[in-house]
Amino acid sequence: NTEGEEGYGKTNAVLIGLTMLMQIIVAYTQNSKSTKHFFQDAICTLMGFKPALDAYRVGSGAEQEDHQTFSPLMEMTVCKIIETVFEAVPSSVVQIYALLSAKEKSLDAVISILVSAATIAFTSSMITYDWD
């Protein structure tokens, strides 16, 4: 813990919480006709398994069920967009700000920012690819 830099971690924690809240809202919208399925998706979201669950549903060719509002592909796409908009991009901005504000620049921080940028680019590409 570096003195005076706790705010960066707190900001990222808030961003993660906001992302999870938005994904829970999507889970409710998707499963509003089935409380059981909503709670299953909400628990997966809170445990951090929602992206894997969505990928499994799409990869296994799961069809839209009667209780669902939209297709598994649409749900996965919306969740990827939420992660990108509410977590990945803002967290990258926080990382860049922290690096620029730091007295000592770290190669690890630069690599982390580059990996974050590559991940955002890959996710954006995959969203486009999924709908092609």
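What counts, and where the lines are drawn
Residues numbered from 1 in each chain as written. Predicted model: local features only at pLDDT ≥ 70, side-chain atom pairs only at ≥ 80, totals over all residues. Heavy atoms only, no water. Helix = DSSP H or I, 4+ residues; strand = E, 2+ residues; numbered from the N terminus. Buried < 20%, exposed > 50% of the residue type's maximum accessible area, 1.4 Å probe, protein only. Contact = heavy atoms within 4.5 Å. 1 Å grid on protein atoms, 1.4 Å probe; cavity = no way out; pocket = protein on both sides within 12 Å on 5 of 7 lines; lining within 4 Å. Points joined across faces, edges and corners; volume = space filled by probe spheres on them. Expected span 1.5 Å × (residues − 1). Phe/Tyr/Trp six-rings, centres within 6.5 Å; stacked < 30°, edge-to-face > 60°. Salt bridge = Lys/Arg side-chain N within 4 Å of Asp/Glu carboxyl O.

**Q** Give me the environment of Ala-88: which residues, what numbers.
**A** The residue Ala-88 is located in helix H4 (residues 72-101) in this model. With a relative accessible area of 27%, Ala-88 lands in the partly exposed category. C-alpha separation for the pair Ala-88 and Ile-16, spaced 72 residues apart in sequence, amounts to 9.1 Å. What Ala-88 contacts, discounting residues up to four positions off in sequence, is Glu-83 and Ile-120.

**Q** Kindly report on the layout of surface pockets, identifying the contributing residues and their values.
**A** A volume near 260 Å³ is recorded for the largest pocket. Forming the boundary of the largest pocket are 14 residues, of which Glu-83, Glu-87, Ala-88, Thr-119 and Ile-120 lie nearest the centre. Counting only elements with at least two residues in the lining of the largest pocket, the list comes to helix H1 (6-30), H4 and helix H5 (107-130). The element best represented in the lining of the largest pocket is H4, accounting for 8 residues.

**Q** Residue-level account of H5, with values.
**A** When the terminal C-alpha atoms of H5 are compared, their 34 Å separation across 24 residues agrees well with the 34 Å that a helix rising 1.5 Å per residue should span. Taken together, the buried positions of H5 are Ile-113, Ser-116, Ile-120, Thr-123 and Ile-127.

**Q** Give me the lowdown on the packing of aromatic side chains, citing residues and values where you can.
**A** This model, assessed by the stated rule, comprises 3 aromatic pairs. Ring centres of Tyr-8 and Tyr-97 lie 6.1 Å apart, and the angle between their planes is 70°; this geometry places the pair in the edge-to-face category. One end of the pair, Tyr-8, is in helix H1; the other, Tyr-97, is in helix H4, with 89 residues separating them in the sequence. Accessibility expressed as a relative area gives 22% for Tyr-8, which makes it partly exposed. Between Phe-38 and Phe-39 the ring centres are 5.1 Å apart and the planes differ by 55°, which places this aromatic pair in the tilted class. Since its relative accessible area comes to 48%, Phe-39 is described here as partly exposed. One aromatic cluster is present, formed by Tyr-28, Phe-38 and Phe-39 through successive ring pairs.

**Q** Could you give an account of the side chain of Ser-116, naming the residues involved and the relevant values?
**A** For Ser-116, the location among the structural elements is in helix H5. The residues contacting Ser-116, other than those within four sequence positions of it, are Ser-92 and Gln-95.

**Q** I'd love a proper account of the pattern of salt bridges, names of residues and values included.
**A** All chains considered together, the criterion is met by 6 salt bridges. Put simply, Arg-57 and Asp-41 hold a salt bridge, and the shortest N to O gap is 2.8 Å. Residue Arg-57 is found in helix H3 (residues 50-59), and its partner Asp-41 is found in helix H2 (residues 35-47); the two are separated by 16 residues along the sequence. Judged on exposure class, the residue Arg-57 and its partner Asp-41 are both buried. Lys-80 is the partner of Asp-130 in a salt bridge, and the nearest nitrogen-oxygen pair spans 3.0 Å. Of the two residues, Asp-130 is situated in helix H5 and Lys-80 in helix H4; the sequence distance between them amounts to 50 residues. You can call Lys-80 buried: its relative accessible area is 18%.

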